[in-house]
Amino acid sequence: GKPFEISMAELGGLINENDNEIFNQIHLLGSLYEEWIESNKKLIETINPKYKKSADKNLIKCNEMLERIRAGISFLQNNDEALIAFKLANQAILSQQVRTKRYKDDERDWVIGLNGMKITKTQYSEPDIKNPPSGIGMWRPFQLAFLLSCLQSTVEGENQLRENVELIFFPTGGGKTEAYLGLIAFLGFYKRITNKEHYG
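Rules behind the numbers
Residues numbered from 1 in each chain as written. Predicted model: local features only at pLDDT ≥ 70, side-chain atom pairs only at ≥ 80, totals over all residues. Heavy atoms only, no water. Core = buried A, V, L, I, M, F, W, Y, C linked by side-chain atoms within 4.5 Å. Buried < 20%, exposed > 50% of the residue type's maximum accessible area, 1.4 Å probe, protein only. Helix = DSSP H or I, 4+ residues; strand = E, 2+ residues; numbered from the N terminus. Contact = heavy atoms within 4.5 Å. Polar contact = N/O pair within 3.5 Å; in protein donor to acceptor, adjacent residues only side chain to side chain. Phe/Tyr/Trp six-rings, centres within 6.5 Å; stacked < 30°, edge-to-face > 60°. Salt bridge = Lys/Arg side-chain N within 4 Å of Asp/Glu carboxyl O.

Engineer: Explain the nonpolar core here, please?
Structural biologist: Note that soluble globular proteins tend to have their nonpolar side chains buried in a common cluster. Ranked by size, the top nonpolar core spans 38 residues in total, and within it Leu-76, Phe-86, Leu-144, Leu-148 and Phe-186 carry the most contacts. Of all the secondary structure elements, the ones that give two or more residues to this core are α1 (8-11), α2 (19-44), α3 (52-78), α4 (80-106), α5 (141-155) and α6 (176-194). Residues contacting Leu-148, with those up to four places away along its chain left out, are Ile-26, Leu-29, Arg-68, Ile-69, Gly-72, Ile-73, Leu-76 and Phe-86. Counting residues in hydrophobic clusters, the runner-up holds six residues, among them Ile-37, Ile-44, Ala-55 and Leu-66.

Here it is, written out as structure tokens:
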């Protein structure tokens, strides 16, 4: 009955230097998703039989996604470069969120200069991304599930899921762009970490 959100600062290694906490959080996501799948198996038995075939197909897709999430977690556990890239991607998206919120909040402190340029009245200071303002810096379950399920196929050229088009179907304003940007950030960092000549 409580919203399940996971801190970007925590997944970025900014709060706790122990990687175990990162894995505790993402394993919890997988476990809760598995519980949800199991609860729907029972629900399917109670629906109109004409919908059962479609429901069973969706359940198969859910289990496939669960396997992909778990494969993504395993990939992070067994690939040091991937884990570093994952942490940096979390830090990057968190930094972007903090700066965007701060810019919006600070707009009232802007004045227009003689040449029409915006000039701030206040001195700029670097935001503290370890302590983001409330309401930001958290992944929603579908965002993190998308990230985890796509990590390996995004960086491995020979991965069997490489040719899949990964589309998030979620209402406008729900956080699709951040999920996509998180994956893009992961890819950029991973390429740079694994190949110093690559610009990411």
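Engineer: For this particular structure, what's the right way to read the side chain of Ser-7?
Structural biologist: Structurally, Ser-7 can be placed in strand β1 (residues 6-7). Polar side-chain contacts of Ser-7 include one of 3.2 Å to the backbone nitrogen of Ala-9. Side-chain polar atoms of Ser-7 contact the backbone nitrogen of Glu-10, separated by 3.0 Å. Those residues in contact with Ser-7 that lie beyond four places of it in its chain are Ile-15, Gly-137 and Met-138.

Engineer: What exactly am I supposed to notice about the side chain of Arg-68 here?
Structural biologist: With respect to the element layout, Arg-68 can be found in helix α3. The buried category is assigned to Arg-68, whose relative accessible area is 14%. What Arg-68 contacts, discounting residues up to four positions off in sequence, is Leu-148, Ser-149, Cys-150, Ser-153, Leu-161, Asn-164 and Glu-166.

Engineer: How should the packing of aromatic side chains be read in this particular structure?
Structural biologist: Each aromatic ring pair is described using two quantities: the centre-to-centre distance and the angle formed by the ring planes. Following the criterion strictly, the structure yields four aromatic pairs and no others. On the basis of an interplanar angle of 90° and a centroid distance of 5.4 Å, the ring pair of Phe-146 and Tyr-180 is categorised as edge-to-face. With a gap of 34 residues between them, Phe-146 in helix α5 and Tyr-180 in helix α6 connect regions that are remote in the sequence. Judged by relative accessible area, Phe-146 falls into the buried class, the value being 9%. Feature note: the residues Phe-75, Phe-186 and Tyr-190 constitute an aromatic cluster, connected by ring pairs.

Engineer: What's the story with the pattern of salt bridges in this structure? I'm lost.
Structural biologist: A side chain with one charge may pair with a side chain of the opposite charge, provided their charged atoms come close. Within this structure, the stated rule accounts for four salt bridges. Its salt-bridge partner being Lys-87, residue Asp-19 comes within 2.7 Å of it at the nearest N-O pair. Of this pair, Asp-19 sits in helix α2 while Lys-87 sits in helix α4, placing them 68 residues apart in sequence. Under the relative-accessibility criterion, Asp-19 is labelled partly exposed at 25%. The partner of Lys-52 in a salt bridge is Asp-56, and the shortest N-O contact between them spans 3.0 Å. Here Lys-52 and its partner Asp-56 are both found in helix α3, four residues apart, which amounts to about one turn of the helix. With a relative accessible area of 29%, Lys-52 lands in the partly exposed category. Take Asp-56: its relative accessible area is 30%, and that puts it in the partly exposed class.

Spatial relationships are all this shows, so hold off on functional conclusions.
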